[in-house]
Each structure stands twice: as C-alpha cells, then as structure tokens.
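Topology and contacts: notes
Read off the chains here:
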Amino acid sequence: MRVKAVYPGSFDPVTFGHIDLIRRGAAMFSEVVVGVADNPRKAHLFTMEERVAFLRQATAGMANVSVMGFTSLLVEFARSVDARVIIKGLRAVSDFEYEMQMSLINRRLAAGVETVFMMPSEEYLFVSSSVVKEVASLLGDVSSMAPDFIGSALRERLLSAGGE
Ligand code: PNS
C-alpha cells in the first residue's frame, strides 16, 4: 500500500534531528512532504522561503521527499497533498502532552488523517531549533546539531541582527 505522509514544523532552522526524522519517515512511507508552517504569530528568525530552501538543500538526495510551505490548518495541508499520515517527532515526555492534544484536535478536524509519532536517533534527542539558535547566538559550535550551511546562515543572520 502506498501511503503518503506530511512532516510539519516551523524548522526555524532545520536541525539534524529533523533530518533524521525525515529519513526515517522516507524509509517508512511511499512519499514524505515536509510542510514548513508560516505562523504570523510566531517570530521566526528565517522567512518561510528561507526555511523551505534550507529544507530542500538538506533533503536534496532523498528521492521521495519534497518540501512545501503552508499557511493553512495542518489537516488542510495534508488533504491538499493527498496525505493520510502526519509524522510528528517525540523527543521527551515533555513533548507528549502538547503533541497528544494537537493530534486529537487534528483527528477531530479530519478523522481520516492519522498522526504517527517517531523518535529521532538518541544522538539528537536534545537538539532543537531553539537550542541551535541559542548556541549560535552565543557564538558556540552548532556543527554537531545542524548542517554547515545552517551554521553559516545563523552566523550571518545573527551578526546582521546584532549590528542593527
Ligand atoms: O515545529 P513546531 O513549531 O513545533 O511545529 C508546529 C506546527 C507547525 C506543526 C503546528 O503549529 C501546526 O500544525 N500549525 C498549523 C496550524 C494548525 O493546524 N494548528 C493545529 C490546530 S489548532
């Protein structure tokens, strides 16, 4: 059975933890569409276009992975690309309560779309976009947490923000 999945997130910016989950999802589902959410209520460091471009670069070698931005409800985005599964990453118990609530709301909104939780490699359990931004802002080395092009983009963005 060919099952298409979406993997949604803010990806501000993409980390090795995200890439690990995309790889695991791509091995499990026939196609994975990475959905980059643009939430105007969240202050993002990178624009949606930049975040989409970063994800395209990070997944360039993955044949059954594509990347799209979305501004709608997640379940509408899933429907629009004909996906029946939402992939979510769970790193710690602290993620669970919020993610369970979201998955039940999404089920109420669209009963035919199933949320599947996956765990990243233990190497990346502590890695998050916020941690990567914090370390980079304090001039720390993020090369074990995100691709080098993300490290460079962060340095550039944080440098220009500091110079404002
Ligand atoms: O990486 P994040 O910030 O944890 O991702 C959160 C995301 C994008 C998955 C979530 O905010 C989302 O699903 N946004 C789309 C709007 C929506 O459908 N919200 C859920 C119903 S209230």
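It should be noted that the structure appears before, not after, this text.
This write-up is about the structure you can find in this document. Owing to the predicted nature of the structure, the values given are computational and were not obtained by experimental measurement.

1. Notes on the pattern of salt bridges
In this structure the tally under the stated criterion is nine salt bridges. Of the charged contacts in the structure, one is a salt bridge between Lys133 and Asp12, with a shortest N-O distance of 3.0 Å. Of this pair, Lys133 sits in helix H5 (residues 129–137) while Asp12 sits in the loop between strand E1 (4–9) and helix H1 (16–28), and the two are 121 residues apart along the sequence. For Lys133, a relative accessible area of 22% gives the class partly exposed. Judged by its relative accessible area of 3%, Asp12 falls in the buried class.

2. Comments concerning the packing of aromatic side chains
Under the defined criterion, the tally for this structure stands at five aromatic pairs. Ring centres of Phe54 and Phe149 lie 6.1 Å apart, and the angle between their planes is 40°; this geometry places the pair in the tilted category. One end of the pair, Phe54, is in helix H2 (residues 48–58); the other, Phe149, is in helix H6 (residues 148–162), and 95 residues separate them in sequence. Using a relative accessible area of 12% as the deciding quantity, one classes Phe54 as buried. Here the aromatic rings of Phe70 and Phe77 are separated by 4.6 Å at their centres, their planes lie at 15°, and the arrangement is stacked. For the pair shown, Phe70 and Phe77 are each scored as buried.

Analysis parameters
Residues numbered from 1 in each chain as written. Predicted model: local features only at pLDDT ≥ 70, side-chain atom pairs only at ≥ 80, totals over all residues. Heavy atoms only, no water. Salt bridge = Lys/Arg side-chain N within 4 Å of Asp/Glu carboxyl O. Helix = DSSP H or I, 4+ residues; strand = E, 2+ residues; numbered from the N terminus. Buried < 20%, exposed > 50% of the residue type's maximum accessible area, 1.4 Å probe, protein only. Phe/Tyr/Trp six-rings, centres within 6.5 Å; stacked < 30°, edge-to-face > 60°.

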